[in-house]
Amino acid sequence: MEKLIKKISTIMEDKFEQCGYDRQLCTVTVSNRPDLCQFQCNGAMAAAKKYKKSPIDIAKEIVAAVENEENFENVSIAGPGFININLKDSFISNYINNMYGDSKLGCTSDVDPMTIVVDYGGANVAKPLHVGHLRAAIIGESIKRIGRFLGHKVIGDVHLGDWGLQIGMVISEVERRNPSLPYFDEDFQGEYPETAPFTIDELEEIYPAASSLAKSDEKAMEAARKATFELQNGRRGYVALWKHILNVSIADLKKNYGNLNVEFDLWKGESDCQKYIPEMVELFKEKGFTYESEGALVIDVAKETDTYTVPPIIILKSDGATLYSTTDLATIVERVKDYNPDAIIYVVDKRQGLHFEQVFRCAKKTNIIKEDATLDFIGFGTMNGKDGKPFKTREGGVMRLQDLIQIIKDNVKDKLKETDTMTPEEVEEISRKVGLAALKYGDLSNQATKDYIFDMDKFSSFEGNTGPYLLYTVVRIKSILRKAEAEGINLSSSKEILHPYSSTERDLMLKISRFNEVVNLSFKDRSPNKICDYIYDLSNLFNKFYHDNRIIAEENIEKKMSWLNLITLTQKVLEAGLDLLGIEAPEKM
Ligand code: ARG
């Protein structure tokens with residue numbers, strides 16, 4: 001659907017043209033003085049400069065021209081020539097009735113459909129998922145959902161760290177513990193066992209042990225490096241063991257991401273692009289992009305306009321080994337081959353900003369991706385504890401994601417117990433949903449780039465700008481609708497929302513009408529927090545409307561039906577907004 005603001009702009013632009021002014025000068029915005037008007041147009045000021053007239057005279061002409069405009073009411077001039085616009089109630093209710101009848105609630109993309117890869121997750125195989133990966137998962141999932149809702153083809157890729165030193169550490173630690181396994185016998189010719197020589201619990205104990213040993217013992221570190229090198233060069237037993245590590249780890253990761261309601265289309269990793277590396281490096285060399293620097297093969301990516309140093313990107317180390325940058329470049333080659341994307345969006349810790357700047361510049365310079373493709377880095381800040389330092393367990397260790405989810409769920413559960421009569425299963429299910437909402441909304445309502453403080457009591461509060469408050473609003477609407485049905489009202493007998501009866505109702509309708517605009521803006525800016533702001537405002541307006549009106553007790557049946565429809569639409573918009581954030585509402589709470 002066309003945006004409400006666009007419809008109003010077009011009407012005003014036509015009037016500008018009719019009066020002999022350039023339509024480009026006419027800009028309409030949502031009023032920042034809602035007590036005075038709904039929309040405002042400051043075009044007369046700009047026109048005054050260009051046409052050397054007084055803004056008030058131009059504004060008068062325009063206002064005279066809109067006098068008979070059927071959709072407007074009360075267009076007036078404020079100050080030196082600002083035009084205040086109010087809409088006819090019928091125009092507003094018409095617009096939201098159309099939204100009501102549309103499966104996408106009126107949302108259509110501002111831009112042509114694109115193919116987009118979202119690279120989020122970034123979990124490392126063999127290492128447990130910790131809170132550092134939480135933000136990537138939550139933000140990336142939301143961006144993926146918003147893009148899809150607008151009709152883009154969006155492919156989510158977990159892009160596992162599955163090829164690095166941590167694998168070598170695990171391999172050499174398993175060998176240390178169990179040297180007789182066939183994986184370590186270089187003469188072994190047979191089939192390797194089908195089951196892994198460890199469970200996920202053992203694997204989660206093996207990696208930290210191996211890592212701390214390697215830190216203190218140079219020999220152990222050397223063994224881990226050697227194992228990594230041999231794995232990467234295809235040593236048969238190591239490849240077989242690596243596959244076990246991958247399978248055991250991925251099964252566990254899937255469970256963990258699943259608990260977060262985060263779903264990837266692709267479970268690819270750094271290892272998948274390895275086969276593209278030799279050809280890519282050849283191409284870089286052939287085309288003369290590379291040169292040698294201290295034995296390493298590098299490409300210059302600095303620009304004259306740089307205000308900070310962007311060092312050359314290293315393609316191969318002096319010993320011929322590949323790096324994180326090589327992998328990310330080869331992954332672009334792979335994605336271009338598989339999907340020819342119009343955009344790749346990376347949701348990664350902001351401390352990797354320089355790395356991605358180098359990778360993007362190199363990809364564009366070497367033309368491994370089409371020139372007009374967008375490469376976007378969404379660098380997120382750190383989730384801190386109340387002490388302002390990265391969030392840790394009470395003992396000071398790294399917090400595992402599954403523990404964090406449990407803690408917040410328990411916190412919510414305590415609150416629920418006090419309030420309602422529910423079966424134990426219901427309490428479980430509801431506290432899971434509300435807990436996740438607290439966690440996700442607490443994260444997404446902040447600008448991604450900023451660090452934020454994980455404040456459990458604040459995040460899980462049922463009041464204020466929180467996930468649980470929004471769910472509570474949805475649940476409240478559902479309960480009103482259930483009451484109406486229990487009274488014998490057939491909710492599908494009428495789908496019409498009549499003109500607003502009061503200003504709180506009108507405000508609610510106007511807010512609803514902006515959904516399309518907000519979804520597009522939040523996708524364009526890659527900022528789910530704009531959706532958070534919107535659904536929070538919408539919830540507040542609904543709650544105001546609810547307090548001012550007695551919906552169930554209303555005797556005028558037409559009015560009551562219209563209200564029931566209005567709150568149904570409010571619920572739909574709220575739930576659609578929540579879904580774009582990856583949040584689900586329970587039936588009750
Ligand atoms: N595995 C990496 C890490 O833990 C994150 C990967 C992000 N994605 C990428 N294409 N580099 O730091």
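Residues numbered from 1 in each chain as written. Predicted model: local features only at pLDDT ≥ 70, side-chain atom pairs only at ≥ 80, totals over all residues. Heavy atoms only, no water.

Description of the UniProt feature "domain: Arginyl tRNA synthetase N-terminal" (unreviewed entry) in the protein
Under the UniProt annotation, the feature "domain: Arginyl tRNA synthetase N-terminal" (unreviewed entry) is placed at residues 2–87. Helix makes up 41% of residues 2–87 and strand 22%, with an end-to-end C-alpha separation of 16 Å. (UniProt positions renumbered as here; feature names shortened; annotations may be inferred. Helix = DSSP H or I, 4+ residues; strand = E, 2+ residues; numbered from the N terminus.)

Focus: the site of the ligand
Every residue lining the ligand is accounted for by Asp119, Gly122, Asn124, His133, His159, Tyr324, Asp328, Tyr346, Val348, Gln352 and Phe356. One nitrogen or oxygen atom from the side chain of aspartate 328 is found 2.8 Å from a nitrogen atom belonging to the ligand. The side chain of glutamine 352 places a nitrogen or oxygen atom 2.9 Å from an oxygen atom of the ligand. Look at the ligand: alone it shows 350 Å² of surface, and the protein chains cover 85% of it. Split by residue class, the shell around the ligand holds four nonpolar, five polar and two charged. (Near = heavy atom within 4 Å. Polar contact = N/O pair within 3.5 Å; in protein donor to acceptor, adjacent residues only side chain to side chain. Areas by Shrake-Rupley, 256 points an atom, 1.4 Å probe, with all protein chains shown as cover. Nonpolar A, V, L, I, M, F, W, Y, C, P; charged D, E, K, R; others polar.)

Some words on the environment of glutamate 334
With respect to the helices and strands, glutamate 334 occurs in helix α11 (residues 324–339). The spacing of glutamate 334 and glutamine 274 is 60 residues in sequence and 9.5 Å in space, taken between C-alpha atoms. Residues in contact with glutamate 334, not counting those within four places in the same chain, are Lys268, Asp272, Cys273 and Tyr276. Within polar-contact distance, the side chain of glutamate 334 engages the side chain of lysine 268 at 2.8 Å. (Contact = heavy atoms within 4.5 Å.)

Description of the packing of helix α16 (residues 467–486) against helix α19 (residues 529–548)
In contact at an axis separation of 10 Å, α16 and α19 are set at 40 degrees when each is read in the N-to-C sense. Between α16 and α19, the angle is such that the two are oblique. Note on packing geometry: the crossing formed by α16 with α19 is left-handed. Contact residues: α16 offers Tyr469, Leu470, Thr473, Arg476, Ile477 and Ile480, while α19 offers Ile535, Tyr536, Ser539, Asn540, Phe542, Asn543, Tyr546 and His547. Residue composition of the contact of α16 with α19, grouped by class: eight nonpolar, five polar and one charged. (Axes fitted to C-alpha atoms, helices over the stretch in contact; angles between N-to-C directions. Parallel < 35°, antiparallel > 145°, perpendicular 65-115°, else oblique. Left-handed = near helix turned anticlockwise from the far one by under 90°.)

Things to note about the packing of aromatic side chains
Inspection of the entire model under this criterion finds 25 aromatic pairs. Ring centres 5.0 Å apart and planes at 70 degrees place the aromatic pair tyrosine 21 and tyrosine 51 in the edge-to-face group. With tyrosine 21 in the loop between α1 (4–18) and β1 (28–30) and tyrosine 51 in helix α2 (residues 43–51), this pair connects stretches of sequence that are 30 residues apart. Residue class for tyrosine 51 comes out partly exposed when judged on its relative accessible area of 29%. The ring centre of phenylalanine 149 lies 5.0 Å from the NZ or CZ of lysine 104, which sits over that ring. The ring centre of tyrosine 238 lies 4.1 Å from the NZ or CZ of arginine 235, which sits over that ring. (Phe/Tyr/Trp six-rings, centres within 6.5 Å; stacked < 30°, edge-to-face > 60°. Buried < 20%, exposed > 50% of the residue type's maximum accessible area, 1.4 Å probe, protein only. Lys NZ or Arg CZ within 6 Å of the ring centre and 35° of its normal.)

Quick notes on the nonpolar core
If you look at the biggest cluster of nonpolar residues, it comprises 159 residues, and the most contacted ones within it are Met12, Ile85, Leu87, Leu404, Phe515 and Leu564. The element best represented in this core is helix α20 (residues 557–580), accounting for 11 residues. Contact partners of methionine 12, with chain neighbours within four places excluded, come to Cys26, Val28, Cys41, Ile62, Val66, Phe72, Ile83 and Ile85. Counting residues in each nonpolar core, the second largest holds 32 residues, with Leu297, Ile332, Ile368 and Ala373 among its members. (Core = buried A, V, L, I, M, F, W, Y, C linked by side-chain atoms within 4.5 Å.)

Here's the deal with the pattern of salt bridges
This model, assessed by the stated rule, comprises 49 salt bridges. Two residues, lysine 255 and aspartate 252, come together in a salt bridge whose shortest N-O distance is 3.7 Å. One end of the pair, lysine 255, and the other, aspartate 252, are both in helix α9 (residues 236–259), three residues apart, so they sit about a helical turn from each other. The structure contains a network of salt bridges with shared partners spanning Glu13, Asp14, Glu17 and Arg23. (Salt bridge = Lys/Arg side-chain N within 4 Å of Asp/Glu carboxyl O.)

Some details on the sheet that holds strand β3 (residues 72–78)
Hydrogen bonds between backbone atoms are what pair the strands of a sheet, whose relative direction is either parallel or antiparallel. Pairing is antiparallel in the open sheet, where four strands are placed in the order β1-β2-β4-β3. Of all strands in the sheet, those bounded by a partner on one side alone are β1 and β3. Put simply, the sheet's adjacent strands are angled 25 degrees from each other on average, direction ignored. Relative to strand β4 (residues 82–87), strand β2 (residues 39–41) is paired through three bridges, and the arrangement is antiparallel. Following the sheet pairing, phenylalanine 39 is matched in β4 by isoleucine 85. (Pairing = 2+ DSSP bridges.)

Looking at α11
Spanning 16 residues, α11 covers 22 Å between terminal C-alpha atoms, matching the ideal 22 Å at 1.5 Å per step. Contacts from the buried residues of α11 go to β5 (115–119), β6 (153–157), α10 (277–286), β9 (313–316), β10 (343–349) and α12 (353–365). Looking at the residues trailing α11, positive phi occurs at asparagine 340, about 40 degrees. (Expected span 1.5 Å × (residues − 1).)

Some details on the environment of isoleucine 497
Topologically, isoleucine 497 is positioned in the loop between α16 and α17 (503–512). Its relative accessible area of 1% is what places isoleucine 497 among the buried residues. When the C-alpha positions of isoleucine 497 and asparagine 98 are compared, they lie 9.9 Å apart, and in sequence the two are 399 residues distant. Each residue touching isoleucine 497, except ones within four places of it in the same chain, is listed here: Ser93, Ile96, Asn97, Tyr100, Met509, Ser562, Asn565, Leu566 and Leu569.

Brief notes about the sheet that holds β9
Strand order in this open sheet of three strands is β7-β8-β9, and the pairing throughout is antiparallel. The strands lining the two open edges of the sheet, one partner per strand, are β7 (290–293) and β9. With strand direction ignored, the average angle separating the axes of adjacent strands in the sheet is 45 degrees. Here β7 runs beside strand β8 (residues 296–299); their pairing, made up of four bridges, is antiparallel. Counted as the bridge partner of tyrosine 291 is valine 298 from β8. Along the sheet face, α12 touches β8 and β9 and points at about 70 degrees away from the line of β9.

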